[in-house]
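The lines below spell out each chain.
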Amino acid sequence: MQMGIISNNSKKLDKDEVYSALSNVGAKVTSQRALILRIIRQAQGHLDADEILRQSKISQPRISLSTVYRTLRTLKNLGLVDEVHIDDLHHHYEAKSSDEHYHLVCLECGQVIEFEIPLIKQIKKAISDIGDFKLIDTELIATGYCSECMKLKRHDSDKSPERTNHD
């Protein structure tokens, strides 16, 4: 079984591309929608609403968190943005991708790493071959520790006093 980490090499988007994306799905183009969609598409990772708000305030200082959430819901309903449920309290947003991918989440630093795995395509095909169930979507989030956090944990444990085994 082979797993591939996906590199997120996003490009700078101009306003025309963002306006075009909104227009193509029949959405009313507002400055907030265009700004938030541009922020998400240019992101080097998965953003939560607070980070989107922080970045939005640079060009639109009066934008509110409720506007960000309302716009995210609209962009999600339009199929332009995916919402990733890291856990019950953490929702991150990413630009809708034609590539099916899944997420590894570091429990220490919160880093989200995208990956793809051929086995899931085989599972999806097997489900559709059954014939009694129409599969619409799959979501896989695996949690653990990224390599940097594992290095830090090892480094910290090397400094801690030796534990004794009390039998």
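The rules behind each value
Residues numbered from 1 in each chain as written. Predicted model: local features only at pLDDT ≥ 70, side-chain atom pairs only at ≥ 80, totals over all residues. Heavy atoms only, no water. Salt bridge = Lys/Arg side-chain N within 4 Å of Asp/Glu carboxyl O. Helix = DSSP H or I, 4+ residues; strand = E, 2+ residues; numbered from the N terminus. Buried < 20%, exposed > 50% of the residue type's maximum accessible area, 1.4 Å probe, protein only. Patch = residues over 30% accessible without salt bridge, like charges linked within 9 Å, V, L, I, M, F, W, Y side chains within 5 Å. Areas by Shrake-Rupley, 256 points an atom, 1.4 Å probe, with all protein chains shown as cover. Polar contact = N/O pair within 3.5 Å; in protein donor to acceptor, adjacent residues only side chain to side chain. Axes fitted to C-alpha atoms, helices over the stretch in contact; angles between N-to-C directions. Parallel < 35°, antiparallel > 145°, perpendicular 65-115°, else oblique. Contact = heavy atoms within 4.5 Å. Nonpolar A, V, L, I, M, F, W, Y, C, P; charged D, E, K, R; others polar. Left-handed = near helix turned anticlockwise from the far one by under 90°. Phe/Tyr/Trp six-rings, centres within 6.5 Å; stacked < 30°, edge-to-face > 60°.

## Thoughts on the pattern of salt bridges
Inspection of every chain in the model, using the stated rule, returns four salt bridges. A salt bridge links arginine 54 to glutamate 51, with the shortest nitrogen-to-oxygen separation between them at 2.6 Å. Taken as a pair, arginine 54 and glutamate 51 lie in helix H3 (residues 49-59) at a separation of three residues, close to a single helical turn. A residue is classified by how much of its surface remains accessible, and arginine 54, at 49% relative accessible area, is partly exposed. Since its relative accessible area comes to 23%, glutamate 51 is described here as partly exposed. The residue lysine 125 makes a salt bridge to aspartate 129 at a minimum N-O spacing of 3.0 Å. Residue lysine 125 and its partner aspartate 129 are both found in helix H5 (residues 118-130); the two are separated by four residues, about one turn of the helix. Residue class for aspartate 129 comes out exposed when judged on its relative accessible area of 53%.

## Notes on a nonpolar patch on the surface
A cluster of nonpolar side chains, Leu107, Tyr145 and Met150, forms an exposed patch at the surface whose accessible area comes to about 300 Å². In this fold, tyrosine 145 is placed in the loop between strand E6 (141-144) and helix H6 (147-159).

## Considerations on the environment of glycine 26
Along the chain, glycine 26 turns up in the loop between helix H1 (15-24) and helix H2 (31-42). We classify glycine 26 as exposed; its relative accessible area is 65%. Linking glycine 26 and leucine 78, residues 52 residues apart in sequence, is a C-alpha distance of 8.5 Å.

## Comments concerning the side chain of histidine 103
With respect to the element layout, histidine 103 can be found in strand E4 (residues 102-106). Among the residues examined, histidine 103 registers a relative accessible area of 6% and is labelled buried. Side chain to side chain, histidine 103 and glutamate 94 meet in a polar contact 3.4 Å long.

## What about the packing of H2 against helix H4 (residues 65-77)?
It is the contact of H2 with H4, at a shortest axis distance of 10 Å, that shows an interaxial angle of 75°. One finds that H2 runs roughly perpendicular with respect to H4. Note on element contacts: H4 touches H2 through Thr67, Val68, Thr71, Leu72, Thr74 and Leu75, opposite Gln32, Arg33, Ile36, Leu37 and Ile40. Residues that form the contact of H2 with H4 fall into these classes: six nonpolar, four polar and one charged.

## What to know about the packing of H2 against H3
If you want to describe how two helices pack, look at the angle between their axes and the distance between the axes. Relative orientation of the contacting elements H2 and H3 amounts to 125°, with a least axis distance of 10 Å. Our classification of the angle between H2 and H3 gives oblique. The two elements H2 and H3 cross, and the hand of that crossing is right-handed. Residues Leu35, Ile36, Ile39 and Ile40 of H2 form the contact with H3, whose own contacting residues are Ile52, Gln55, Ser56 and Ser59. Considering only residue class, the contact of H2 with H3 consists of five nonpolar, three polar and no charged.

## Details of the packing of aromatic side chains
Tallying each qualifying case throughout the model produces one aromatic pair. Between tyrosine 102 and phenylalanine 115, the aromatic rings sit 6.2 Å apart at their centres with planes inclined by 55°, giving tilted as the arrangement. Pair noted here: tyrosine 102 is in strand E4 and phenylalanine 115 is in strand E5 (residues 112-116), with a separation of 13 residues, a long-range link. Judged by relative accessible area, phenylalanine 115 falls into the buried class, the value being 3%.

## So, the side chain of histidine 46
With respect to the helices and strands, the residue histidine 46 is situated in the loop between H2 and H3. Accessibility expressed as a relative area gives 12% for histidine 46, which makes it buried. Within polar-contact distance, the side chain of histidine 46 engages the side chain of glutamate 94 at 2.7 Å. A distance of 3.2 Å separates a polar atom in the side chain of histidine 46 from a polar atom in the side chain of histidine 103.

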